Amino acid sequence: KAGVTQTPRYLIKTRGQQVTLSCSPISGHRSVSWYQQTPGQGLQFLFEYFSETQRNKGNFPGRFSGRQFSNSRSEMNVSTLELGDSALYLCASSLVQTGGELFFGEGSRLTVL
Amino acid sequence: AQKVTQAQTEISVVEKEDVTLDCVYETRDTTYYLFWYKQPPSGELVFLIRRNSFDEQNEISGRYSWNFQKSTSSFNFTITASQVVDSAVYFCALSEANTGFQKLVFGTGTRLLVSP
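Anyway, here's the lowdown on the structure attached to this text. These figures come from a predicted structure and were not determined experimentally. (Residues numbered from 1 in each chain as written. Chains lettered and ligands numbered in written order. Predicted model: local features only at pLDDT ≥ 70, side-chain atom pairs only at ≥ 80, totals over all residues. Heavy atoms only, no water.)

### Observations concerning the layout of surface pockets
To keep it simple, the criterion reads: Both cavities and pockets are sets of points on a 1 Å grid over the protein atoms alone; in a cavity a 1.4 Å probe fits but cannot get out, in a pocket the set is open with protein on both sides within 12 Å along at least five of seven lines, and lining residues sit with an atom within 4 Å of a point. Grid points are joined across faces, edges and corners, and a volume is the space filled by probe spheres set on the points. Helix and strand assignments come from DSSP, with helices taken as H or I runs of at least 4 residues and strands as E runs of at least 2, each series counted from the N terminus. Charged residues are taken to be Asp, Glu, Lys and Arg, nonpolar residues to be Ala, Val, Leu, Ile, Met, Phe, Trp, Tyr, Cys and Pro, and polar residues to be all remaining types, Gly included.
Empty space within the largest pocket amounts to approximately 530 Å³. Lining the largest pocket are 25 residues; nearest its centre among them are A:Gln37, B:Gln39, B:Val89, B:Phe91 and B:Arg111. For the lining of the largest pocket, the secondary-structure elements that each account for two or more residues are β4 (31–38), β5 (42–50) and β9 (87–94) of chain A together with β10 (88–96) and β12 (110–115) of chain B. The element contributing the most residues to the lining of the largest pocket is β12(B), with four residues. Its residues assigned to classes, the lining of the largest pocket shows eleven nonpolar, twelve polar and two charged. Estimates place the volume of the second largest pocket at around 370 Å³. Around the second largest pocket sit 19 residues that line it, and A:Gln41, A:Leu43, A:Gln44, B:Val105 and B:Phe106 are the ones nearest its centre. Of all the secondary-structure elements, those providing two or more residues to the lining of the second largest pocket are β5 of chain A together with β11 (100–106) of chain B.

### Remarks on the pattern of salt bridges
Residue and element names in this part refer to chain A. For clarity, the cut-off: Every case where a carboxyl oxygen of Asp or Glu lies within 4 Å of a side-chain nitrogen of Lys or Arg is listed as a salt bridge. The buried label applies to any residue whose accessible area, calculated with a 1.4 Å probe on protein chains only, is under 20% of its type's maximum; exposed applies above 50%, and partly exposed to all values in between.
Following the criterion strictly, the structure yields nine salt bridges over all chains and no others. Residue Glu 106 pairs with Arg 9 through a salt bridge whose shortest N-O separation is 3.1 Å. Of this pair, Glu 106 sits in the loop between β10 (103–104) and β11 (108–112) while Arg 9 sits in the loop between β1 (5–7) and β2 (10–13); the two residues are 97 residues apart in sequence, bridging distant segments of the chain. The partner of Arg 67 in a salt bridge is Glu 75, and the shortest N-O contact between them spans 3.3 Å. Overall, the relative accessible area of 45% leaves Arg 67 in the partly exposed class. Taking relative accessible area as the criterion, Glu 75 reaches 16% and is therefore assigned buried. Because the salt bridges share partners, they merge into one network encompassing Arg 63, Glu 82 and Asp 85.

This is the structure in structure tokens:
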């Protein structure tokens, strides 16, 4: 079955712009999580959605937001981009919310100039 | 507070050597999960294993094996007879009941280079 699909794979933005990243989870998976990966901070949890509700949030400013649709697809948005937002953004889906394996997509690599 | 430490930044071995990747974790929760993920150059995190805090049995899967010891808060990963395709960055991660099982805290990763 198809894995987690993230679009776009690569994108370049300039400071002050906003960006929307999309994630399609594995069919049947209802939990979607987002992570940011940077060389300096490593992998950091952004937020998690389950049944269209944000269930958990990491320590990121309000410029980072997300949502989940009824078909479990999720989007994350970053407004007023800063240079430090350049990162690989990874989406993960899970069948259950209680410690199941997280299956990750290949990520969206964002470069902010 | 939860924390995962992977002290080995990079390990280089020659093909067919055995290699062990270390992982030490900190948690105050009694219910937690530990994970290992592999990240090849493509960027995708590939799930390798998950253990819960109540199951200390070691596990072997082909050339991979894991040693979970609560007494030392360690969850080490051994690759036997390494191959060039094993070259990747390996991450150990922890999630807790108190902070949400889907919130993984990752270590900084260990880059494994296997040369022919």
